[in-house]
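# A look at the structure
Given next are the chains, with one letter for each unit.
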Amino acid sequence: MPTFTAADGTRLAYHVRGEGEPLVVLPGGPMRASGYLGDLGGLTAHRRLVLLDLRGTGDSAVPADPASYRCDRLVDDVEMLRAHIGLDHMDVLAHSAGASLAILYAAAHPQRVRRLALITGNPSALGLRATPEDRLAAARLRAGEPWFEEAFPALEAWLTGSAEFDEVFLPFFHGRWDDAARAHVAATEKQTNFEAGDRYFAEGAFTPDATRAALRALAAPVLVYAGELDGGPSPALARRAAEAFPVAEVTVQPGACHYPWLDDPEWFVRRTVAFLDA
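Residues numbered from 1 in each chain as written. Predicted model: local features only at pLDDT ≥ 70, side-chain atom pairs only at ≥ 80, totals over all residues. Heavy atoms only, no water.

### Some details on the overall build of the protein chain
This is how the line gets drawn: Numbering goes from the N terminus for both helices and strands, where a helix is a DSSP run of H or I of at least four residues and a strand is a run of E of at least two. Each radius of gyration reported is based on C-alpha atoms, and the globular scaling rule is 2.2 Å times the count of residues to the power 0.38. Contacts are assigned to residue pairs with any non-hydrogen atoms lying within 4.5 Å of each other. The accessible surface values rely on the Shrake-Rupley method and a 1.4 Å probe; as for residues, cover is taken only from the protein chains in view. Only four residue types enter the tally: Lys and Arg on the positive side, Asp and Glu on the negative side; His and the chain ends are excluded. Here the site of a charge means atom NZ of a Lys, CZ of an Arg, CG of an Asp or CD of a Glu.
A count of helical and extended segments in the protein chain gives eleven helices and eight strands. Relative to a compact globule of 278 residues, whose C-alpha radius of gyration would be 19 Å, the protein chain shows 18 Å and is just as compact. In terms of its C-alpha atoms, the protein chain occupies a principal-axis envelope of roughly 50 × 40 × 35 Å. Considering only contacts in the protein chain between residues 6 or more positions apart, those separated by 24 or more positions represent 72%. When the accessible area of the protein chain is evaluated, it comes to approximately 11800 Å², of which 50% is carbon and sulfur surface. When the 26 basic and 37 acidic side-chain charges of the protein chain are each reduced to a single mean position, those positions are 5 Å apart.

### Quick look at the environment of Glu-156
Short version of the rule: Relative accessibility under 20% of the residue-type maximum defines a buried residue, over 50% an exposed one, and the middle range a partly exposed one, all with a 1.4 Å probe and only protein chains included.
Tracing the backbone shows Glu-156 in helix H4 (residues 148-159). With relative accessibility at 31%, the residue Glu-156 sits in the partly exposed group. Separated by 24 residues in sequence, Glu-156 and Pro-132 have C-alpha atoms that sit 8.1 Å apart. Once residues lying within four places of it in the same chain are set aside, the contact partners of Glu-156 are Leu-136 and Arg-140.

### Topic: the pairing of strand S6 (residues 113-119)
Where we set the bar: DSSP calls a pair of strands paired once it identifies at least 2 bridges connecting them. The handedness of a crossover follows from its direction of travel: if, with the strands pointing away from the viewer, the path from the first strand over the helix to the second runs clockwise, the crossover is right-handed.
Summarising burial for S6: six of the seven residues are buried, a large majority. Bridging between strand S5 (residues 90-95) and S6 involves six bridges; their strand directions are parallel. Paired with Met-90 across the bridge in S6 is Val-113. As for the winding sense of the linkage, the β-α-β connection from S5 through helix H2 (residues 98-108) to S6 is right-handed.

### Remarks on the pairing of strand S2 (residues 11-17)
As judged from the three bridges shared by strand S1 (residues 3-5) and S2, these two strands associate in the antiparallel manner. Note that in S2 the partner of Thr-3 across the bridge is Ala-13. Sheet topology places S2 next to strand S4 (residues 48-52); four bridges connect them, and they run antiparallel. Across the sheet, the residue bridging to Arg-17 is Leu-49, located in S4.

### Remarks on the UniProt feature "domain: AB hydrolase-1" (unreviewed entry) in the protein chain
Heads up, the rule is: UniProt positions are given in the numbering used here, feature names are shortened, and annotations may be inferred rather than shown by experiment.
The UniProt record annotates "domain: AB hydrolase-1" (unreviewed entry) at residues 22-265. End-to-end, the C-alpha atoms of residues 22-265 are 20 Å apart, and along that stretch the chain is 34% helix and 14% strand.

Encoded structure:
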C-alpha cells in the first residue's frame, strides 16, 4: 500500500488498481474509505485507478488537527498526491461529496486537470445543494417498488426533520435493491469516519462566487454524471452545476441512482471511458 506525507505531516494512503493511464479517484461519503468504490464497475480494465483514502479514512492516518477534515483543507492533499505520483496534469474522477473537493481542486489548480468526471456529484462548492423536494420527487419515481410503501414515509419524515435517519429508506439510493446494493450498504459504517464527515461541509468550506470565478480558467472538459432516479443530485441539478464550467457535458444514466457503477456497470464504464478517452 503506497503512502505519502501531507503538508501537515499526516500520512496518507492510496490504492492502485487496474491497467492503463492513471485516473485519480476522490471518494465521497463524505469521508468514506475508497474501498467502497471497488473497481468502479470494471473501469480497471481501461484505466489505472489511483484511489485516495482521505485523511482519517481507510488506511490514511488521523490528522492532529480535526479541523483539517473540512473540504477546502483537503485540496492540498490532492495536490500533494499529484506531485507524489509524478503527473504534470491528471484525469480526475470524483463521486458524491468528493465532487466538491474535485471542484475546489480544479478551481485552485486548473492547469493540473486534464479531464474531470463528477459522478453523481454533490455541487455544494458551487453554492448548489439538493433540496428535500428534489429527493422526494426522485423517490416518487420508485412507487412501483415493493419496498416503497414502507420506505417513503420514513424518507419524508427524515427530510422534513420530524424523524431520525432510518435504514429502511436506503433502497432509494440504489437503482437496483439487490445483493450487491445490500452488501454495499452493510460496509458503510466500517468504512466511514463519521466525525470527519460532520466536519467536511463545515462553515467556511465553500466560497461559491470565488470558486465559480476561478473555474473560468479551467480548460479541461468536465463530465457531470447523474442517475435518472437520483435526487441528490437530480438530473436537473446536475445540468445547473454543469453551467459553472467552460467546457462541460451532462450524461444521465437510465435506471441508475447514486451508485451508477453498481446499477449498470457496463453502461457506466462505456460512458465514462468514452469521455476520458475522447
